[in-house]
Protein chains: 2
Amino acid sequence: MPRSVDPADRADALATAVTDIAVESGFAAVTIREVARRLGASTSAVTHYTGGRDDLLRAAVRREIDRRRAAAERAIGPATGREGLRLLLDWAATAPDERGHRLWLALVVAAPAEPVLRAELDAFNTWWDATVTGFLAAEHADATAADLITVVIDGLVISAFDDGTPWPAARRRAVLGTLWRTLGW
Amino acid sequence: MPRSVDPADRADALATAVTDIAVESGFAAVTIREVARRLGASTSAVTHYTGGRDDLLRAAVRREIDRRRAAAERAIGPATGREGLRLLLDWAATAPDERGHRLWLALVVAAPAEPVLRAELDAFNTWWDATVTGFLAAEHADATAADLITVVIDGLVISAFDDGTPWPAARRRAVLGTLWRTLGW
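Residues numbered from 1 in each chain as written. Chains lettered and ligands numbered in written order. Predicted model: local features only at pLDDT ≥ 70, side-chain atom pairs only at ≥ 80, totals over all residues. Heavy atoms only, no water.

K.L.:
Before we move on, could you go through the overall build of chain A and cite the residues and values that matter?
P.N.:
Helix and strand counts for chain A come out as nine helices and zero strands. When the backbone C-alpha atoms are referred to their principal axes, chain A occupies close to 60 × 35 × 30 Å. Taking the contacts inside chain A whose residues are at least 6 apart along the sequence as the reference set, 63% of them involve residues at least 24 apart. For chain A, the accessible area works out to roughly 8,100 Å², and carbon and sulfur atoms hold 53% of it. (Helix = DSSP H or I, 4+ residues; strand = E, 2+ residues; numbered from the N terminus. Contact = heavy atoms within 4.5 Å. Areas by Shrake-Rupley, 256 points an atom, 1.4 Å probe, with all protein chains shown as cover.)

This is the structure in structure tokens:
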């Protein structure tokens, strides 16, 4: 991590090191020492450029969540109601790659023990819930519909691992198709 | 870990140490050293009584999965078809406690990097899939129904964490209720 590097590039390298470790071994394995090792830097250099481990976690997870949310919003575009929901869920069920799924599960697993991760996950969930219920309200769907939708999307994330290889997009979309029929759409 | 202890108790203490570590920090944190530390034993004592880290993981996960499968089979009893499926899913959606959910997610997250865990998880999934499709076959349900059921159950496991506190049983059962309606039951 040379000093001459651009601050944004440095922040990016730190965030990538954190997420790489989390994807491979979980957030408990993210230590200043391990981040430094990945970057070929000293632990004091890492500490110098950050406010400590919590800051590293927060910045890395926020970058990831911001990217995810931006991708979801691009997928939705100007659509609302039923069509907005369909675009959001199709994105959620098929767009994130295996690395993205692994990172998400690592985040969910670690959040109870790491308040910094809990806060970032809560912020994302607040956005997700507001978006889903907003789309559903326009269609006069009942409250359990939002729960079912969230559960199915979460379940598709796990299904990326359960069988060793991720399900093909067509198989995921077939499950979503059943969900649409449940909603009477 | 005194020598005089009963071998079954010793195996149980080792398996509990492994699962405790996995629940708190993930399977990557399970090392001979950490298991020894938890038991107040030397690493050589742990090595002496086991065939190494993979054996420790296998025994601990197999104990957990055997218990889970036995609990599910008790919940199902002699029921078949629709009623068997209903009892299995109600058990899966509501019975495992937070520790059980955390251990399961840790297992799913770690399986791609740990062939020993992958093999144990595959064995459980084979049983789960055979049980679900057996019940569904009796009701002439389509192939996507089995996928939807697995996805909803997996999703309910994640929902135990996503919001910080597990959903109450009534909320989980409401989601299952929607699933029954989807299946036309």
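K.L.:
So what's going on with helix α6 (residues 98–110) of chain B? Residues and values would help.
P.N.:
All names here are of chain B. Between its first and last C-alpha, α6 extends 18 Å over 13 residues, near the 18 Å set by a 1.5 Å rise per residue. In terms of residue burial, α6 counts as a mostly covered element, since 11 of its 13 residues are buried. Restricting attention to buried positions, one finds in α6 the residues Gly-100, His-101, Arg-102, Leu-103, Trp-104, Leu-105, Ala-106, Leu-107, Val-108, Val-109 and Ala-110. (Expected span 1.5 Å × (residues − 1). Buried < 20%, exposed > 50% of the residue type's maximum accessible area, 1.4 Å probe, protein only.)

K.L.:
Before we move on, could you go through the interface of chain A and chain B and cite the residues and values that matter?
P.N.:
Accessible area lost during the coming together of the parts is what is often quoted as the interface size. Each partner contributes to the interface: chain A provides 31 residues, whereas chain B provides 31 residues. Between chain A and chain B, a total of about 3,200 Å² is buried, with carbon and sulfur atoms accounting for 63% of that surface. Linking chain A to chain B there are two salt bridges. The partner of Asp-147 of chain A in a salt bridge is Arg-171 of chain B, and the shortest N-O contact between them spans 2.7 Å. For the pair chain A and chain B, the interface holds four residue pairs in polar contact (both at pLDDT 80 or more). Breaking the side of chain A that touches chain B down by element, the ones donating at least two residues are α6 (98–110), α7 (115–137), α8 (143–162) and α9 (169–182) of chain A. Per element, the largest residue contribution to the side of chain A that touches chain B is 12 residues, and it comes from α8 of chain A. (Buried area = accessible area lost by both parts, 1.4 Å probe. Salt bridge = Lys/Arg side-chain N within 4 Å of Asp/Glu carboxyl O. Polar contact = N/O pair within 3.5 Å; in protein donor to acceptor, adjacent residues only side chain to side chain.)

K.L.:
Run through the environment of Pro-168 of chain B, naming residues and quoting values.
P.N.:
Inspection of the secondary structure assignment puts Pro-168 of chain B in the loop between α8 (143–162) and α9 (169–182). Classification of Pro-168 of chain B as exposed rests on a relative accessible area of 53%.

K.L.:
Tell me about the pattern of salt bridges, and please be specific about residues and values.
P.N.:
The full count for this structure, using the stated rule, is 26 salt bridges over all chains. The partner of Glu-114 of chain A in a salt bridge is Arg-53 of chain A, with the nearest N and O atoms 2.8 Å apart. Here Glu-114 of chain A is found in the loop between α6 and α7, whereas its partner Arg-53 of chain A is found in helix α4 (residues 53–76), with 61 residues between them in sequence. The salt bridge partner of Arg-58 of chain B is Asp-55 of chain B, with a shortest N-O separation of 2.8 Å. Of this pair, Arg-58 of chain B and Asp-55 of chain B are both found in helix α4 (residues 53–76), three residues apart, which corresponds to roughly one turn of the helix.

K.L.:
Give a detailed account of the packing of α4 of chain A against α6 of chain A, specifying residues and quantitative values.
P.N.:
Working note: a packed helix pair is described by the angle between its axes plus the distance between those axes. Residue and element names in this part refer to chain A. Remark: α4 packs on α6, axes separated minimally by 12 Å, with the N-to-C direction vectors making an angle of 125 degrees. The pairing of α4 with α6 is recorded here as oblique in orientation. Between α4 and α6 lies a crossing of left-handed hand. On α6, the residues that touch Val-61, Glu-64, Ile-65 and Arg-68 of α4 are Gly-100, His-101, Leu-103, Trp-104 and Leu-107. (Axes fitted to C-alpha atoms, helices over the stretch in contact; angles between N-to-C directions. Parallel < 35°, antiparallel > 145°, perpendicular 65-115°, else oblique. Left-handed = near helix turned anticlockwise from the far one by under 90°.)

K.L.:
Lay out the relation of the copies chain A and chain B in plain terms, naming residues and giving numbers.
P.N.:
At an RMSD of 0.0 Å, chain A and chain B line up after a rotation of 180 degrees and a shift of 0.0 Å along the axis. Overall, the copies show the geometry of a two-fold rotation axis. Relative to the rotation axis, the closest C-alpha in chain A is found at Gly-155 of chain A, a distance of 1.8 Å. When the interface residues of chain A are mapped onto chain B, 100% of them again fall at the interface, so both copies present the same face. (Least-squares fit on C-alpha atoms with pLDDT ≥ 70 in both.)

K.L.:
Quick one: what's the story with the packing of aromatic side chains, residue by residue and with numbers?
P.N.:
Counted by the stated rule, this structure contains four aromatic pairs over all chains. Between the aromatic rings of Trp-104 of chain A and Phe-124 of chain A, the centroid separation amounts to 4.9 Å while the plane-to-plane angle is 70 degrees, which identifies the pairing as edge-to-face. Remark: Phe-124 of chain A occurs in helix α7 and Trp-104 of chain A occurs in helix α6; sequence separation between them is 20 residues. Judged by relative accessible area, Phe-124 of chain A falls into the buried class, the value being 7%. When the ring of Phe-124 of chain B is compared with that of Trp-127 of chain B, the centres are 5.4 Å apart and the planes differ by 50 degrees; the resulting orientation is tilted. Linking Phe-124 of chain B with Trp-127 of chain B, this pair stays in helix α7 (residues 115–137), spanning three residues, or about one helical turn. In terms of burial, Phe-124 of chain B and Trp-127 of chain B fall into one category: buried. What links up through ring pairs into an aromatic cluster is the set Trp-104, Phe-124 and Trp-127 of chain A. Positioned over the ring face of Trp-167 of chain A is Arg-171 of chain A, at 4.0 Å from the centre of the ring. (Phe/Tyr/Trp six-rings, centres within 6.5 Å; stacked < 30°, edge-to-face > 60°. Lys NZ or Arg CZ within 6 Å of the ring centre and 35° of its normal.)

K.L.:
Which residues make up the environment of Thr-43 of chain A, and what values do they have?
P.N.:
Residue and element names in this part refer to chain A. The topology assignment puts Thr-43 in helix α3 (residues 43–49). It is 6.1 Å that separates the C-alpha atoms of Thr-43 and Ile-32, two residues lying 11 residues apart in sequence. Contact partners of Thr-43, with chain neighbours within four places excluded, come to Ile-32, Arg-33 and Ala-36.

K.L.:
Please give an account of the packing of α6 of chain B against α7 of chain B that cites residues and values.
P.N.:
Residues and elements named next belong to chain B. It is the contact of α6 with α7, at a shortest axis distance of 9 Å, that shows an interaxial angle of 120 degrees. You can see that α6 and α7 cross each other, and the crossing is left-handed. Along its contact with α6, which presents Trp-104, Leu-107, Val-108 and Ala-110, the element α7 presents Leu-117, Leu-121 and Phe-124.

K.L.:
If you had to explain the confidence of the model for chain A to someone new, which residues and values would you point to?
P.N.:
Averaged over every residue, the pLDDT of chain A is 86; the share at 70 or more is 95%. Under the prediction, the complex receives an ipTM of 0.76, its pTM being 0.80. (pLDDT = per-residue confidence, 0-100.)

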